[in-house]
Amino acid sequence: MSGTFVGMPAFPAAAREALSDAQLRRNLAHATSTIRAKRAAVVGEVDEWEELRLAGAAIKDNVLHHLDEHLLRLEQSLTERGATVHWARDAAEACEIVASIARRHDADEVVKVKSMATQEIGLNEALAAHGITAWETDLAELIVQLGDDLPSHILVPAIHRNRAEIREIFRERMAAAGRPAPENLSDVPRELAAAARLHLREKFLRAKVAVSGANFAIAETGTLVVVESEGNGRMCLTLPEVLVSVVGIEKILPAWSDLDVFLQLLPRSSTGERMNPYTSMWSGGTEGQEAHVVLLDNGRTRALADEVGRQALRCIRCSACLNVCPVYERTGGHAYGSVYPGPIGAILNPLLRGVGVDEQTDSLPYASSLCGACFEVCPVRIDIPEVLVHLRSQVVDAHRAGPPKGEAVAMKSAAWVLSGARRLSWAERGMGVAGRVLNRLGRKVMPGGRRALGRLPWPGSLWSNARDVPAPPAESFRARWRREGRR
Amino acid sequence: MKVAVQVTCINDAMFPDTGEAVFTLLRRLGVAADFPAAQTCCAQPMVNTGYLDEAVPVVRNFVDAFAGYDAIVTPSGSCAGSVRHQHAMVARRSGDGRLAAAVARTSPKVYELTEFLVDVLGVTDVGAYFPHRVTYHPTCHSLRMLGVGDRPLRLLRAVRGIDLVELPAADECCGFGGTFAVKNAETSTAMGADKARHVLDTGAEVLVAGDNSCLLHIGGLLSRQRTGVRVMHLAEVLARTEDA
Ligand code: SF4
């Protein structure tokens, strides 16, 4: 069974491990740069891409502004088409609903379509506690599950693994989970996929209950939509007698016609394809099937209440922001301590969980250089840098009451110095004196002729461990300006 | 037109030559610009770290210092971006309507240096001479927050004697990111190391950018690795002529 993110350290500490793993960094750099190039090429083909982004954002915003009405509409349409609708406030409630449905059908195993919502609520672990085994059927999820690993990407959860590693996982772990890997399995992708296919086929045919998420839920028609690349989803959705879909309440699209925009935005942004290979849509159960839909809150209404942050609920989980993020590229997904890694994870997790509660969550809004590449690619125009800064202010505010941290003291004094030119000029004069001394003592000359400071004590060492620092100039600009009496 | 230069706090304290270069350049182009001595900082260090209350007096000082100017020119993409995109947020937070109004008056008058040269003055050839092999790093905030586009490159291409070479993966972040550079020091230096490697690959003698804070980071890495590559602010390159 796969592990959980519970108890992960804060981002800087978790990132350290990834940064020191050269193989992991190579895997990530290779995978992200390949998909980046693919995405850029297919997005470049669409002349009205910007209009599509605006349309996508507008549809989602409309949904969020009238979420209550759209939800009731969705419930009604789903019910009319024979599905049973359940409401879940949090992860525990959602898991309990799924477990009780499975138990009612005497199922001791379920097959799963890759779904972020079910990972978010820790469904597999919760079902295991009820003696029910959940089998992931997406290839990458299968790799993560068999490897007792954690997902590190929204779309490609095993992005941090290369094929040699995957071969080992299959050879060592498949047998215990069902059909074993073939003898002499090589690391040729084709063979690996074939092994997974045989392994999974047994599970599709046996399972009575399937669990899915949904990429979109159309209020007008009560239609759930799953897009995927492998076809395993389609097997899960159609073969078992019972289908339970766990759907975040923000997944709604008002009308059937809105789908058009998103079926263009999503595949190009996520896999860099013009169309995704499989799009499954169902309204109620397919013939003879019992269909359940669990509408999940789990922090979404909290995010919705945040004026700046609510735009994160527009997210369609395409993962484009992960693939362009320079921080993600170097640290990988595990450092974010959640099934939602990368830039979207850095804002979504604090929005769903709330800040000021644990150090790990509070570290996420700072896990970005604010370079803005994520905003540039986001198909629904989520201004991730803006939300990051906003959440940073929430983190700071959440800690204002307690004893001030060193950083808070530094920021307050910096603000004091920087809010008056006279104070700043005094501070600079101090630096100038230091600069004159250091310019004599500094042994290292930087290219261009400036002397460098040596290694600084903490917290300066955080900078100077890897980077030289030029000695301050003998005179600040303003001092020179004043001395020379230029106006 | 009354023009002020926002030298920026980091230039004032650490890179006075950049401030000097902006004035030299503007003077050569016939613009008599002021240095309003009451200026300090754009408040970006506080805002980007989440200290919005602390940013309020700094923003107030900014709008006071630059009141009454028609254009405020700054040799920093990230400071210009901060003024345009963050001051309103800080003012809103303060609940001070007068401050909000002052911000709304002042922010649109802020120009990043290359925007001012190309859009307001309408020049791309500033009469500079710089006979060196140069590569240019477009800093993230210039590139994405402001959208300065190819203005810096157009200015650089018009410099006489320059051998301008393309930087691979130019639009990737260098990893500076303000307090990110210390809060996530290891990730920051990992990003910077890749940037430094790309700079070395070009064989350039000088790395040029429009933001000294990014250059402080990349330059610090280049220096620590004893590469011999120096970093220079774009304004300093544009200020050079055959005489100086
Ligand atoms: S935030 Fe935007 S880019 Fe990132 S996963 Fe969501 S929709 Fe895609």
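Everything numeric here is computed off the predicted structure, so don't read it as measured data.

This brings us to the overall build of chain A. Helix and strand counts for chain A come out as 23 helices and 13 strands. Dimensions of chain A, computed from the C-alpha atoms along their principal axes, are close to 90 × 55 × 50 Å. Within chain A, the proportion of its 487 residues that are buried is 57%. About 20400 Å² of surface is accessible on chain A, with carbon and sulfur atoms providing 54% of the total. The distance from the centre of the 60 positive side-chain charges to the centre of the 58 negative ones in chain A is 12 Å.

Residue and element names in this part refer to chain A. Residues in close proximity to the ligand total 13 residues, the closest being Cys 315, Cys 318, Ser 319, Cys 321 and Cys 378. In this structure, the ligand is accommodated by the second largest cavity. Class assignment for the residues of the shell around the ligand results in eleven nonpolar, one polar and one charged.

A few words now on helix α1 (residues 11-19) of chain A. Of all the residues in α1 of chain A, the buried ones are Phe 11, Ala 14, Ala 15, Ala 18 and Leu 19 of chain A. Buried residues of α1 of chain A fall within an arc of 140 degrees about the axis and therefore sit on the same side. Where α1 of chain A is buried, its residues touch α2 (22-44), α15 (326-331) and α17 (359-363) of chain A together with α11 (185-202) of chain B.

Residues and elements named next belong to chain A. The tally for this structure, following the rule as stated, stands at six cavities of 30 Å³ or more. Approximately 100 Å³ is the volume attributed to the largest cavity. Cys 325, Pro 326, Pro 343, Ser 368 and Cys 374 are, among the 16 residues lining the largest cavity, the residues nearest its centre. Only α14 (320-324), α15, α16 (342-353) and α18 (373-377) provide two or more residues apiece to the lining of the largest cavity. Each residue belonging to the lining of the largest cavity can be placed in one class, and the counts come to 13 nonpolar, three polar and no charged.

The next point concerns a nonpolar patch on the surface. Residues and elements named next belong to chain A. On the surface, Val 433, Val 437 and Leu 441 cluster together into a nonpolar patch covering about 280 Å² of accessible area. Along the chain, Val 433 falls in helix α21 (residues 421-441). Taking the relative accessible area as the measure of exposure, Val 433 reaches 46% and is therefore partly exposed.

With that settled, the discussion passes to the interface of chain A and chain B. When the parts of a complex come together, some accessible area is lost, and that lost area is often taken as the interface size. Taken together, the contact pairs 64 residues of chain A with 68 residues of chain B. Buried surface at the junction of chain A and chain B, both sides included, amounts to about 5700 Å², of which 57% is carbon and sulfur. When the buried area of chain A at its contact with chain B is split by residue, Met 411, Arg 467 and Phe 477 of chain A rank highest and sum to 12% of it. Residues Glu 376 of chain A and Arg 144 of chain B are paired through a salt bridge, measuring 3.4 Å at the closest nitrogen-oxygen approach. Our count for the chain A to chain B interface comes out at 33 residue pairs in polar contact (both at pLDDT 80 or more). Looking at which element gives the most residues to the side of chain A that touches chain B, the answer is helix α20 (residues 406-418) of chain A, with seven residues. Partitioned by chemical class, the residues of the side of chain A that touches chain B number 32 nonpolar, eleven polar and 21 charged.

Residue and element names in this part refer to chain B. Summarising the sheet, strand β7 (residues 206-209) and strand β8 (residues 230-233) pair through four bridges and their orientation is parallel. Its bridge partner lying in β8, Leu 207 is registered against Val 231. On the question of chirality, the crossover connecting β7 to the parallel β8 by way of helix α12 (residues 212-224) is right-handed.

Before going further, it helps to spend a moment on the sheet that holds strand β4 (residues 110-112) of chain B. All names here are of chain B. With parallel pairing, four strands are arranged side by side in an open sheet as β2-β1-β3-β4. On the outer flanks of this sheet lie β2 (33-34) and β4, each paired with one strand and no other. In the sheet, strand β1 (residues 3-5) pairs with β2 via two bridges, with the strands oriented parallel. Across the sheet, the residue bridging to Ala 4 is Asp 34, located in β2. Strands β3 (71-74) and β4 of the sheet are contacted by helix α5 (residues 77-94), whose axis makes an angle of about 150 degrees with β4.

Further remarks concern the side chain of Lys 195 of chain B. Residue and element names in this part refer to chain B. With respect to the secondary-structure elements, Lys 195 resides in helix α11. With no salt bridge to any partner, buried Lys 195 finds its closest opposite charge in Glu 172, at an N-O distance of 6.1 Å. Among residues more than four places away in sequence, those in contact with Lys 195 are His 137, Leu 167, Ala 169, Ala 170, Glu 172, Cys 173, Cys 174 and Ile 218.

Now for the packing of helix α2 (residues 16-28) of chain B against helix α7 (residues 113-120) of chain B. Residues and elements named next belong to chain B. Across the interface, α2 lies against α7 with an axial gap of 12 Å and an inter-helix angle of 5 degrees. Taken together, the axis directions place α2 and α7 in an arrangement best described as roughly parallel. In this structure, α2 uses Val 22, Leu 25 and Leu 26 to contact α7, whose residues at the interface are Leu 113, Phe 116 and Leu 117. Classifying every residue of the contact of α2 with α7 gives six nonpolar, no polar and no charged.

Phe 170, Phe 262, Tyr 336, Ile 344 and Ile 347 of chain A are the most contacted members of the largest nonpolar core, which has 156 residues in total. What Phe 170 of chain A contacts, discounting residues up to four positions off in sequence, is Leu 139, Leu 142, Ile 143, Leu 146, Ala 181, Leu 185, Leu 192, Ala 195 and Ala 196 of chain A.

With that out of the way, let us pick up helix α3 (residues 49-65) of chain A. Residues and elements named next belong to chain A. The terminal C-alpha atoms of α3 lie 24 Å apart, and with 17 residues this matches the ideal 24 Å at 1.5 Å per residue to within 8%. Every buried residue of α3 is listed here: Trp 49, Leu 52, Arg 53, Gly 56, Ala 57, Ile 59, Lys 60, Val 63 and Leu 64. Summarising the axial view, the buried residues of α3 lie within an arc of 160 degrees, below the 170-degree limit, and thus occupy one face. Summarising the contacts, the buried residues of α3 are in contact with α2, α4 (67-80), β8 (252-253), α12 (259-270), α13 (300-304) and α18.

Definitions and cut-offs
- Residues numbered from 1 in each chain as written.
- Chains lettered and ligands numbered in written order.
- Predicted model: local features only at pLDDT ≥ 70, side-chain atom pairs only at ≥ 80, totals over all residues.
- Heavy atoms only, no water.
- Helix = DSSP H or I, 4+ residues; strand = E, 2+ residues; numbered from the N terminus.
- Buried < 20%, exposed > 50% of the residue type's maximum accessible area, 1.4 Å probe, protein only.
- Areas by Shrake-Rupley, 256 points an atom, 1.4 Å probe, with all protein chains shown as cover.
- Lys, Arg positive; Asp, Glu negative; His and termini not counted.
- Charge placed at Lys NZ, Arg CZ, Asp CG, Glu CD.
- Near = heavy atom within 4 Å.
- 1 Å grid on protein atoms, 1.4 Å probe; cavity = no way out; pocket = protein on both sides within 12 Å on 5 of 7 lines; lining within 4 Å.
- Sits in = over half its atoms within 2 Å of the grid points.
- Nonpolar A, V, L, I, M, F, W, Y, C, P; charged D, E, K, R; others polar.
- Arc of directions from axis to C-beta.
- Contact = heavy atoms within 4.5 Å.
- Points joined across faces, edges and corners; volume = space filled by probe spheres on them.
- Patch = residues over 30% accessible without salt bridge, like charges linked within 9 Å, V, L, I, M, F, W, Y side chains within 5 Å.
- Salt bridge = Lys/Arg side-chain N within 4 Å of Asp/Glu carboxyl O.
- Buried area = accessible area lost by both parts, 1.4 Å probe.
- Polar contact = N/O pair within 3.5 Å; in protein donor to acceptor, adjacent residues only side chain to side chain.
- Pairing = 2+ DSSP bridges.
- Right-handed = clockwise from strand over helix to strand, strands pointing away.
- Axes fitted to C-alpha atoms, helices over the stretch in contact; angles between N-to-C directions.
- Parallel < 35°, antiparallel > 145°, perpendicular 65-115°, else oblique.
- Core = buried A, V, L, I, M, F, W, Y, C linked by side-chain atoms within 4.5 Å.
- Expected span 1.5 Å × (residues − 1).

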